[in-house]
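# Commentary on secondary and tertiary structure
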Amino acid sequence: MPRYPLRKLEPAADATALYAEWLEEIRTALERGDDRWELCRRTLTSLFYPGMLDRDHTTLPLAVRAGLAQMDARNVTLEPEYYAEIDDEAFQARKPLLWMWQMFDRSPLGGNVHLGVQFRRTLAPFLFRRVGRNFKCFHFVEFSYGYNLEVGDDVVVHRNVLLDDRGGIVLGDRVSISDFANIYSHTHSIVDQVDVSNLKTVIADDVRITYHATVLAGTHVGANAMVGAMAVATKNVRPYHVNVGIPAKSVRVKPNAPPEVYKVTLREDAPAAGTGAGEG
């Protein structure tokens with residue numbers, strides 16, 4: 001089959017230098033320990049309301065004032081803040097950066113792949129529990145806490161992905177997560193909505209989670225495995241196996257699997273730690 005490696009593109013030289021200078025300003029502020037709330041407010045106000053950063057807002061129309069208030073993360077609430085088991089100290093340290101991440105994607109800059117990847121890579125070490133080298137994240141990716149998310153080297157997360165790290169998510173090296181995939185780490189009882197189980201979900205090295213697939217809480221997807229398009233992984237996925245369907249089941253072993261993988265008789269995969277019911 002033909003191979004189509006990604007092209008290497010760079011914006012115009014002037015723009016590249018401009019972006020680098022802006023990102024370095026943000027990185028320096030974070031490393032220096034500047035007030036993150038104020039960094040968020042000033043950055044977002046400059047993006048959405050240029051010229052109004054230091055202006056007296058009391059004379060502006062109410063709708064404009066309400067809009068400007070959203071540039072300050074202290075004036076918004078986010079869904080994870082309502083979760084009872086939140087580590088509020090850890091979350092509050094990340095909240096202004098999480099809001100910057102989300103609002104950047106809604107700004108005129110958010111769709112710029114080159115800049116967007118660099119911007120998110122700049123924030124990730126200050127948001128996640130761990131992030132490896134060469135993290136590549138496209139726009140409209142959302143996560144819950146951030147502090148329960150571990151990301152390995154050379155990980156790629158495509159557009160509109162949900163990483164629910166409420167119970168913890170580990171992404172191994174070279175993991176690829178395709179557009180509109182969902183990875184959960186909490187589950188609700190089918191009897192009592194407030195009976196919540198938080199369960200770590202592990203996506204091992206070299207795994208591919210493909211388009212619109214869902215991985216439920218507590219699932220372990222083994223190294224070099226694949227969860228196919230639209231599949232729902234309710235049980236553990238064995239290394240090098242390709243699981244498809246709802247619920248996802250193994251339909252083949254990847255041809256590059258080592259010999260010992262073929263010695264395992266195909267059977268229904270082991271249950272994950274969670275119930276697989278009532279996510280969200």
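Because the structure is predicted, anything quoted here is derived from the model rather than measured.

### With respect to the packing of aromatic side chains
As enumerated under the stated definition, the model contains 10 aromatic pairs in all. Seen in terms of ring centroids, tyrosine 83 and tyrosine 145 are 6.1 Å apart; in terms of plane orientation they differ by 75°. Their pairing is edge-to-face. Note that tyrosine 83 is positioned in the loop between α3 (62-69) and α4 (88-106) and tyrosine 145 in the loop between β3 (142-143) and β4 (149-151), a separation of 62 residues in sequence. Given a relative accessible area of 1%, tyrosine 145 falls into the buried group. When the centroid spacing of 5.2 Å and the interplanar angle of 85° are considered together, the rings of phenylalanine 128 and phenylalanine 143 count as edge-to-face. Of this pair, phenylalanine 128 sits in the loop between α5 (113-127) and β1 (130-131) while phenylalanine 143 is found in strand β3, placing the two residues 15 residues apart along the sequence. Judged on exposure class, the residue phenylalanine 128 and its partner phenylalanine 143 are both buried. Here the aromatic residues Tyr83, Phe91, Tyr145 and Tyr147 are joined through ring pairs into a cluster of three or more. Its end group placed over the ring of tyrosine 83, arginine 166 keeps NZ or CZ at 3.7 Å from the ring centre.

### Details of the packing of helix α2 (residues 36-48) against α4
Two numbers describe how α2 lies on α4: the axes approach to 9 Å, and their chain directions differ by 10°. Between α2 and α4, the angle is such that the two are roughly parallel. Residues Arg36, Trp37, Leu39, Cys40, Thr43, Leu44, Leu47 and Phe48 of α2 form the contact with α4, whose participating residues are Gln92, Ala93, Arg94, Lys95, Pro96, Leu97, Trp99, Met100, Met103, Phe104 and Arg106. Across the contact of α2 with α4, the residue classes tally to 13 nonpolar, 2 polar and 4 charged.

### Quick look at the side chain of lysine 95
Assignment of secondary structure puts lysine 95 in helix α4. Classification of lysine 95 by relative accessible area gives buried; the value is 4%. At 3.0 Å, the side chain of lysine 95 forms a polar contact with the side chain of glutamate 81. Excluding residues within four positions of it along the chain, lysine 95 makes contact with Trp37, Ala73, Val76, Thr77, Leu78 and Glu81.

### Some points on the sheet that holds strand β8 (residues 176-177)
Where strands meet in a sheet, backbone hydrogen bonds hold them as pairs that are either parallel or antiparallel. The strand order β2-β5-β8-β13-β16-β18-β19 describes an open sheet built from 7 strands, whose pairing is mixed. Looking at the sheet topology across the chains shown, the edges are occupied by β2 (136-137) and β19 (249-253). Taken together, the 2 bridges between β2 and strand β5 (residues 156-157) define a ladder with parallel strand orientation. The partner of cysteine 137 across the bridge, within β5, is valine 157.

### Brief notes about the state of the cysteines
Here, disulfide denotes a covalent bond that connects the sulfur atoms of two cysteines. A complete count under the given rule lists 0 disulfides for this structure. Of all cysteine sulfurs in the structure, the one in cysteine 137 sits closest to cysteine 40, which takes part in no disulfide; the separation is 17 Å. Relative accessible area serves as the criterion here: at 1%, cysteine 137 is assigned to the buried category.

### A word on unusual backbone geometry
Between isoleucine 246 and the following residue, proline 247, the backbone shows a cis peptide bond with an omega angle of -5°. Following the sequence through the fold, proline 247 ends up in the loop between β18 (241-244) and β19. Unusually for a residue other than glycine, arginine 174 sits at a positive phi of about 60°. Its relative accessible area of 41% is what places arginine 174 among the partly exposed residues. Even without glycine at this site, methionine 230 takes up a positive phi of about 70°.

### Some words on helix α1 (residues 13-32)
Between its first and last C-alpha atoms α1 spans 28 Å; for 20 residues at 1.5 Å apiece the expected length is 28 Å, and the two agree. Buried within α1 we find Ala15, Tyr19, Leu23, Ile26, Ala29 and Leu30. Down the axis of α1, the buried side of the element spans an arc of 115°, and every buried residue falls inside it. Structural note: α1 exposes Ala13, Asp14, Glu21, Glu25, Glu31 and Arg32 on the side pointing more than 90 degrees away from its buried face. If you follow the buried residues of α1, they end up packed against α2, α4 and α5. Count one or two residues on from α1 and you reach glycine 33, which has phi positive near 85°.

Conventions adopted
Residues numbered from 1 in each chain as written. Predicted model: local features only at pLDDT ≥ 70, side-chain atom pairs only at ≥ 80, totals over all residues. Heavy atoms only, no water. Phe/Tyr/Trp six-rings, centres within 6.5 Å; stacked < 30°, edge-to-face > 60°. Helix = DSSP H or I, 4+ residues; strand = E, 2+ residues; numbered from the N terminus. Buried < 20%, exposed > 50% of the residue type's maximum accessible area, 1.4 Å probe, protein only. Lys NZ or Arg CZ within 6 Å of the ring centre and 35° of its normal. Axes fitted to C-alpha atoms, helices over the stretch in contact; angles between N-to-C directions. Parallel < 35°, antiparallel > 145°, perpendicular 65-115°, else oblique. Contact = heavy atoms within 4.5 Å. Nonpolar A, V, L, I, M, F, W, Y, C, P; charged D, E, K, R; others polar. Polar contact = N/O pair within 3.5 Å; in protein donor to acceptor, adjacent residues only side chain to side chain. Pairing = 2+ DSSP bridges. Disulfide = S-S within 2.5 Å. Expected span 1.5 Å × (residues − 1). Arc of directions from axis to C-beta.

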